[in-house]
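Now for the letters of each chain:
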Amino acid sequence: MQWRSVVVGLVVLRVSLSCVLWLAFGLGPNVSSGFNFPLSFSLHKLDLLFSETKETDPRGNSWSGRIHGQKYEGTTTTCSEFAEESDKRSYLNFFDGHKDEYARRYSSFPDALKAKMKDMAKEMFYFGYDNYMRHAFPADELNPIECNGRGPDVLNPSNININDVLGNYSLTLIDTLDTLLVLGNVTEFQRAVKLVIDNVSFDKDSTVQVFEANIRILGGLISTHILLTDTKHPFGKVGFEGYDNELLHLAHDLAVRLLPAFENTSTGIPYPRVNLKTGVPPDSINETCTAGAGSLLVEFGILSRLIGDSTFEWVARRAVKALWSLRNNETGLLGNVVNIQTGQWVGKQSGLGAGMDSFYEYLLKSYILFGEKEDHKMFQTAYESIQNHMRRGESCNAGQGDPPLYVNVNMCSGEIINTWIDSLQAFFPGLQATKNPFYLHVGMDILQSLEKNAKVRCGYATLHHVVEKSKEDRMESFFLSETCKYLYLLFDEDNPLHRSDNKYIFTTEGHVVPIDKRFREKEWNKLFSYENGVLPEGTQSRSPPASNISNCNRIPEEQRYALPLKSIYMKQIDHMVGLF
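These numbers come from a predicted model, not from an experiment.

Reading the values: rules and limits
- Residues numbered from 1 in each chain as written.
- Predicted model: local features only at pLDDT ≥ 70, side-chain atom pairs only at ≥ 80, totals over all residues.
- Heavy atoms only, no water.
- UniProt positions renumbered as here; feature names shortened; annotations may be inferred.
- Helix = DSSP H or I, 4+ residues; strand = E, 2+ residues; numbered from the N terminus.
- Contact = heavy atoms within 4.5 Å.
- Polar contact = N/O pair within 3.5 Å; in protein donor to acceptor, adjacent residues only side chain to side chain.
- Buried < 20%, exposed > 50% of the residue type's maximum accessible area, 1.4 Å probe, protein only.
- Pairing = 2+ DSSP bridges.
- Axes fitted to C-alpha atoms, helices over the stretch in contact; angles between N-to-C directions.
- Disulfide = S-S within 2.5 Å.
- Phe/Tyr/Trp six-rings, centres within 6.5 Å; stacked < 30°, edge-to-face > 60°.
- Lys NZ or Arg CZ within 6 Å of the ring centre and 35° of its normal.
- Parallel < 35°, antiparallel > 145°, perpendicular 65-115°, else oblique.
- Left-handed = near helix turned anticlockwise from the far one by under 90°.
- Nonpolar A, V, L, I, M, F, W, Y, C, P; charged D, E, K, R; others polar.
- Core = buried A, V, L, I, M, F, W, Y, C linked by side-chain atoms within 4.5 Å.

### Things to note about the UniProt feature "binding site: Ca(2+)" (unreviewed entry) in the protein
As recorded in UniProt, the feature "binding site: Ca(2+)" (unreviewed entry) lies at Thr508. The topology assignment puts threonine 508 in the loop between β17 (504-506) and β18 (512-514). Look past the residues within four positions of threonine 508 in its chain and what remains in contact with it is Ile215, Ser358, Glu361, Tyr362 and Glu482. Within the local environment of threonine 508, its side chain forms a polar contact with the side chain of glutamate 361, the two groups lying 2.9 Å apart.

The following block contains the structure:
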């Protein structure tokens, strides 16, 4: 019976707190429904003890109610409930105008603080980079705890977590080349390029994932070659005497070694892995994810247009078209895993995270680079399907309905499968970018958290658990090529990438590519036919049927606030995840 005493004690405490607040502020007894967020959310657990006595589902017909059902019926606080409270004299009045702590905190970001964060991001990069060069190069990655290098796991070929990425080709250095330029270190950039030319070869008995080799290695080489030879010199004259397109030749050599992945497939969708010496392994699986097979077009397309050989763009575009032709007729959605021989969807979950993310990203970026109208049509159609079926919640910022959220759905029905979000969904806001100071604060939080929790003796380790802070002795190449680069650019408003007359895109691995008219020119004039991967006229621009699931585009302009959500909801989220 001990737990009953605890329950009674907590209830008495809650009532007492309400009375004190009522007496102190004249706010009325209704404040007890949630003034103290830590108390309020912990007390939701009490409701579960008595949930059997409830006869109705407070979630009603909300998407959150449909996905969770009766399981959490006692834990729900919807936006509409907050709207009812906002009409009364309650604690919400303290969040109005100049008294709003969140608006005050996030509405600006001082220049002095930007400079401090910029320096902190630069120091973070060099701590990781210098330790990689000192302890790991020419190995692929740095083990920052043991202070040594690592390559493929040759004793365990099935260890794809390692072997999909590492191929004995100095991965981290290649992946990091253009970051050195972004930070303005021309001297080290030129030295690093020479090290790659002198040390890197792809004539290796390494089985790697096509997608990872493409975005990290091929993308890094192409980006660096373009920046070295760019006549507009956004970073100054970074070229050096004697450079003879060696990086472009390396990129071409790697791409040729990846081509066997596109052979002997009934659909044109590539195998997920190749051996750089021998081609597709005999025991290779016939299943691949949508992102892995459909996110090759930017790098392959640029290479084709640089060397005047249509082969690479042709195979990558054929794969995209093959995937596009397999989308569901009713929803317009694709699944996340497909059989490359049968064209059957093995995984029917559709979302914006792992397995699908960069497929959508590259539809838009390919159009921006190459100007192919079909890429734009596909992106627009895909975007409509995403908004119609994945985005749930409409006007929560106005105090009504569920919070806005992109969920994971069944590609055939659009019904919710789950509501979890992974880190790879972060690409989607990048396609919709905002100039909102709020995100500078988010970047600062990320930077400080990495420095506090991931930094070890010789670099930055991988965190396995964000609460327990358990670490893996591994610093992946994207930490230097993406994480540090984006954090630095977030605070460096005077960077040449921001100030240059030219425009740039970032590949999905964070490599810098200028938007150049030469990428919109093809030395070949042969048009792709249907059997080569392009759909007949009319089918590629097919729009999905209208849906009533979301009214996202009908939110009045006056309801769009400086913060992503109203302060009351920001505070609610902060307390839910333990940020007090």
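### Concerning the environment of alanine 293
Inspection of the secondary structure assignment puts alanine 293 in helix α12 (residues 290-294). In this structure alanine 293 comes out as buried when scored by relative accessible area, which is 2%. The sequence separation of alanine 293 and methionine 356 amounts to 63 residues, and the corresponding C-alpha distance is 9.6 Å. Among all residues touching alanine 293, those that are not within four sequence positions of it are Ile269, Pro270, Thr288, Ala319 and Leu323.

### What about the sheet that holds strand β6 (residues 337-339)?
The strand order across the open sheet built from three strands is β5-β6-β7, with neighbouring strands paired in antiparallel fashion. This sheet does not close on itself; its edge strands, each paired only once, are β5 (287-289) and β7 (345-347). When the angles between neighbouring strand axes are averaged without regard to direction, this sheet yields 35°. In this sheet, β6 lies alongside β5 in antiparallel orientation, the contact comprising three bridges. By the bridge assignment for β6, cysteine 289 is matched with valine 337.

### Regarding unusual backbone geometry
Of the consecutive residues phenylalanine 137 and proline 138, the connecting peptide bond is found in the cis state with omega at 10°. Here proline 138 lies in the loop between α6 (111-135) and β1 (141-143). A positive phi angle is found at serine 170, which is not glycine, with a value near 50°. Position of serine 170 relative to the elements: it lies in the loop between α7 (160-163) and α8 (171-182). Phi at asparagine 245 takes a positive value of approximately 60°, unusual for a residue other than glycine. Position of asparagine 245 relative to the elements: it lies in the loop between α10 (210-229) and α11 (246-258). Given the relative accessible area of 31%, asparagine 245 is considered partly exposed.

### Some points on the state of the cysteines
Here, the word disulfide means a covalent bond between the sulfur atoms of two cysteines. The full count for this structure, using the stated rule, is one disulfide. Disulfide pairing is shown between cysteine 147 and cysteine 458; the S-S distance is 1.9 Å. Measuring the twist about the S-S bond at about 85°, one finds the cysteine 147-cysteine 458 disulfide to be right-handed. With cysteine 147 in the loop between β1 and β2 (148-150) and cysteine 458 in the loop between β13 (455-456) and β14 (459-460), this residue pair connects regions lying 311 residues apart in the sequence.

### Some details on the sheet that holds strand β8 (residues 349-350)
Note: strands within a sheet are paired through backbone hydrogen bonds, in either parallel or antiparallel orientation. With antiparallel pairing, three strands are arranged side by side in an open sheet as β8-β11-β12. Both edges of this open sheet fall to β8 and β12 (416-418), since each of them pairs with a single strand only. Examined bridge by bridge, strand β11 (residues 408-410) and β12 share two bridges and lie antiparallel to one another. Across the sheet, valine 409 pairs through a bridge with isoleucine 416, a residue of β12.

### Examining the packing of aromatic side chains
One pass over the structure, following the stated rule, counts 17 aromatic pairs. Arranged with centres 5.1 Å apart and planes meeting at 75°, the rings of phenylalanine 125 and tyrosine 126 form a pair that is edge-to-face. In this pair, the class of phenylalanine 125 matches that of tyrosine 126, namely buried. Note on phenylalanine 359 and tyrosine 360: the rings are 5.6 Å apart at their centroids and 75° apart in plane angle, and the pair reads as edge-to-face. Using a relative accessible area of 0% as the deciding quantity, one classes phenylalanine 359 as buried. According to the relative accessible area criterion, tyrosine 360 is buried, its value standing at 2%. Three or more aromatic residues joined by ring pairs make a cluster, and in this case those are Phe379, Tyr383, Tyr406 and Phe428. Positioned above the aromatic ring of phenylalanine 127 is the side chain of lysine 455, whose terminal nitrogen or guanidinium carbon lies 4.5 Å from the ring centre.

### Notes on the packing of helix α9 (residues 186-199) against α10
Axis separation between α9 and α10 bottoms out at 12 Å; the angle between their running directions is 130°. Considered as vectors, α9 and α10 are oriented oblique to each other. Judged by the sense of rotation from one axis to the other, the crossing of α9 with α10 is left-handed. On the side of α9, the interface is formed by Phe189, Val193 and Val196, while α10 contributes Leu221, Thr224 and Leu228. Among the residues forming the contact of α9 with α10, the class breakdown is five nonpolar, one polar and no charged.

### Observations concerning helix α13 (residues 297-307)
Counting buried positions along α13 yields ten of eleven residues, so the element is predominantly enclosed. Looking at the packing, one finds that the buried side of α13 touches α10, α11, α14 (311-325), α15 (357-370), α16 (373-389) and β18. Directly beyond the C-terminal end of α13, a positive phi value near 75° is found at glycine 308.

### With respect to the environment of phenylalanine 359
For phenylalanine 359, the location among the structural elements is in helix α15. Non-local contacts of phenylalanine 359, meaning those with residues more than four positions away in its chain, are made with Thr290, Ala291, Gly294, Ser295, Val320, Leu323, Trp324 and Leu334.

### Examining the side chain of lysine 485
Mapped onto the secondary structure, lysine 485 falls in helix α19 (residues 478-491). Residues in contact with lysine 485, not counting those within four places in the same chain, are Asp178, Thr179, Val182, Leu480, Phe506, Gly510 and His511.

### Examining the environment of serine 481
The residue serine 481 is located in helix α19 in this model. In this structure, the C-alpha to C-alpha distance between serine 481 and threonine 179, residues 302 residues apart in sequence, is 6.0 Å. Within the structure, the side chain of serine 481 is placed 3.3 Å from the side chain of glutamate 509, a separation counted as a polar contact.

### Quick look at the nonpolar core
Residues Tyr129, Leu173, Val196, Leu221, Phe300, Ile302 and Tyr360 are the most contacted members of the largest nonpolar core, which totals 124 residues. Looking at this core element by element, the count peaks at eleven residues for α10. Apart from residues no more than four positions distant in its own chain, leucine 221 is found in contact with Ile174, Val196, Phe202, Leu247, Leu250 and Ala251. Residues Tyr106, Phe438, Leu563 and Met570 belong to the second largest nonpolar core, which totals five residues.

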